[in-house]
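Structural features, examined
The residues making up each chain are set out below.
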Amino acid sequence: MKKLEQLYEGKAKKVFKTDNADHYLIEYKDDATAFNGEKRGSIEDKGVVNNLMSAKMFQLLENEGVESHLVELLNDREMLVKAVEIIQVEVIVRNVATGSMVRRLGIEDGITLEPTVLEYCLKSDAFGDPIINDYHIAAMKLATEDEMKQIRDMAFKINEFMKETFIKLDLKLIDFKLEFGRFKGKIILADEISPDTCRFWEVGTNRKMDKDRFRQDLGNVKATYQEVLKKVQTL
Ligand code: TMP
Ligand code: ASP
């Protein structure tokens, strides 16, 4: 496999073409941003944690029948993935109210949400990833109704699996963000599953074990990412 020219650089990852048209190579960076890029910094070895953790999560989900873009973990910072066309919708699953949901709706922080809340955001840095609904998605032709049904079903299935999995590691899965892509006529899970894209609170103490440590300047950011990876590697 040959790493060819860079296709895209996002806030946390770079995507490269490879000599196989069906595969891209993703390189995870240490760069960290929050609040739509307003806060910038870096977390040492975050790229390694997010790459290794995402690969592990994708492998576990594959065993559960959830197809992902992962082809192969290449090294500490790189994975080979299927060359998906990313659907421009961020899918957020919320088990507990916190973060932007609390800021937007005034709901009490830390309250368990029943039922689990599914949110969609338009994937657009220029517009600050605004919340959208099924009607916007249909009218903007971001995805078909059938594709959205598949995405919804996958998101809830992933939530059930991840909740059960992380609780064994003494981590409560608060919320997370998923992205999906089209590949050879199928909808598959893409992007990453990491402390950047999930919130975890430690069972018993409610210690924040995710990117909120960076967002809110809580300290021990690097060590916490490493701690989460260590736990995930026992799975
Ligand atoms: P929020 O409460 O800030 O909207 O975040 C909800 C979840 O989505 C949280 O687990 C963090 C994740 N997330 C991303 O992965 N990328 C983003 O750009 C944002 C805003 C949130
Ligand atoms: N990654 C996002 C940004 O910088 C937001 C976040 O994760 O809080 O815009």
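An account of the accompanying structure is given in this report. What you see is a predicted model; the values in this text were computed from it and never measured.

Lining the immediate surroundings of ligand 1 are 14 residues, of which Arg94, Ser100, Asp175, Lys177 and Arg199 lie closest. Within the side chain of Ser100, a nitrogen or oxygen atom sits 2.6 Å from an oxygen atom of ligand 1. One nitrogen or oxygen atom from the side chain of Arg199 is found 2.9 Å from an oxygen atom belonging to ligand 1. The fraction of the free accessible surface of ligand 1 (450 Å²) that becomes covered by protein chains is 80%. Of all the elements in the fold, those that place two or more residues in the shell around ligand 1 are β9 (89–96), β12 (171–183) and β14 (198–202). When residues of the shell around ligand 1 are assigned to their parent elements, the largest contribution, 3 residues, is made by β12. In terms of residue class, the shell around ligand 1 is made up of 3 nonpolar, 4 polar and 7 charged.

All right, on to the state of the cysteines then. When the sulfur atoms of two cysteines share a covalent bond, that bond is a disulfide. Applying the stated criterion across every chain yields a total of 0 disulfides. Residue Cys121 stays outside any disulfide, its sulfur separated by 15 Å from that of Cys198, the closest cysteine. Residue classification places Cys198 among the buried residues on the basis of a relative accessible area of 3%.

Across residues other than glycine, the phi torsion is negative in most instances, and most of the peptide bonds are trans. A cis amide bond, omega 0 degrees, links Glu114 with the succeeding residue Pro115. Here Pro115 lies in strand β10 (residues 112–122). Although it is not a glycine, Phe35 sits at a positive phi angle of roughly 55 degrees. Relative accessible area serves as the criterion here: at 39%, Phe35 is assigned to the partly exposed category. Positive phi is not limited to glycine here, since Asp191 has a value of about 60 degrees. Inspection of the secondary structure puts Asp191 in the loop between β13 (186–190) and β14.

Calculation rules
Throughout, residues of each chain are indexed from 1 in the direction in which the sequence is written. Labels are handed out in written order, letters beginning with A for the chains and numbers beginning with 1 for the ligands. Where totals are concerned, whole chains, interfaces and linings use all residues; where local detail is concerned, this predicted model gives features only for residues with pLDDT of at least 70, and gives and counts side-chain atom pairs only at 80 or more. Hydrogens and water molecules were not included; the side-chain quantities draw on all heavy atoms of the structure. Only a single heavy atom is needed: when it lies within 4 Å of a molecule or strand, its residue is near that molecule or strand. Contacts described as polar in this section are N or O atom pairs within 3.5 Å, which, within protein, must combine one atom able to donate a hydrogen with one able to accept it, while residues neighboring in sequence count only if both atoms come from side chains. Accessible areas in this description were obtained via Shrake-Rupley with a 1.4 Å probe; residue shielding takes into account the shown protein chains only. Secondary structure follows DSSP: runs of H or I at least 4 residues long count as helices, runs of E at least 2 residues long count as strands, and numbering of each begins at the N terminus. Asp, Glu, Lys and Arg are counted as charged, while Ala, Val, Leu, Ile, Met, Phe, Trp, Tyr, Cys and Pro are counted as nonpolar; the rest, among them Gly, fall into the polar class. Disulfide: a pair of cysteine sulfur atoms within 2.5 Å of each other. Note on classification: 1.4 Å probe, protein chains only; a residue is buried when its accessible area is under 20% of the maximum for its type, exposed when over 50%, partly exposed between these limits.

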